[in-house]
Amino acid sequence: MAKPLELNDSWIQRITEAVEGLQYGNVQIIVHDGRIVQIERTERRRFDEVAERRGVREVPQSGAAAK
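Remember, it's a predicted structure, so these values are computed and weren't measured experimentally.

Caption draft 1: Focus on the packing of aromatic side chains. If you walk through the whole model with that rule in mind, you get 0 aromatic pairs. Above the face of the Trp11 ring, Arg14 is positioned so that its terminal group lies 4.5 Å from the ring centre.

Dropping the structure here:
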């Protein structure tokens, strides 16, 4: 039988921080033996013609090469 998940305010805060500001992507919570051991955040940025026609521009992050 599975162990009950140990979830406290600290983990709820970490999960909330991982989800905040995420427009496209996912947050994956890794659990081992009923304990959260890792939170992974994958963010996707979508670029399409409609956004370009509206004049929406993505600002490159520091260290990113501009084309």
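Caption draft 2: Looking closely at helix 1 (residues 9-19). For helix 1, the full list of buried residues reads Trp11, Ile15 and Ala18. One side of helix 1 holds all its buried residues, which, seen down the axis, span an arc of 60 degrees. Tucked inside the fold, the buried residues of helix 1 contact strand 1 (25-32) and strand 2 (35-43). Positioned one or two residues after helix 1, Gly21 has a phi angle of 80 degrees, which is positive.

Caption draft 3: Structural view of the pattern of salt bridges. Inspection of every chain in the model, using the stated rule, returns 1 salt bridge. A salt bridge links Arg41 to Glu43, with the shortest nitrogen-to-oxygen separation between them at 3.2 Å.

Cut-offs and rules
Residue numbering note: each chain is counted from 1, following its sequence as written. Given that the model is predicted, a residue must reach a pLDDT of at least 70 before its local features are reported, and side-chain atom pairs must reach 80 or more before they are shown or counted; all residues, however, enter totals for whole chains, interfaces and linings. Excluded from the side-chain calculations are hydrogens and water; all other atoms, namely the structure's heavy atoms, are used. Here the aromatic set is Phe, Tyr and Trp, taking the six-membered ring for Trp, and pairing holds for ring centres within 6.5 Å; pairs whose planes are under 30 degrees apart are stacked, those over 60 apart are edge-to-face, and all others are tilted. Counted as over-ring charges are cases with an Arg CZ or a Lys NZ within 6 Å of the ring centre that also lie within 35 degrees of the ring normal. Burial classes follow relative accessibility: with a 1.4 Å probe on protein chains only, a residue under 20% of its type's maximum area counts as buried, one over 50% as exposed, and anything between as partly exposed. The helix count covers DSSP runs of H or I at least four residues long, the strand count covers runs of E at least two residues long, and both are numbered beginning at the N terminus. Summarising the geometry, the arc corresponds to the directions from the helix axis toward the C-beta atoms. Any two residues whose heavy atoms approach within 4.5 Å are treated as being in contact. Salt bridge, as used here, is a side-chain nitrogen of Lys or Arg placed within 4 Å of a carboxyl oxygen of Asp or Glu.

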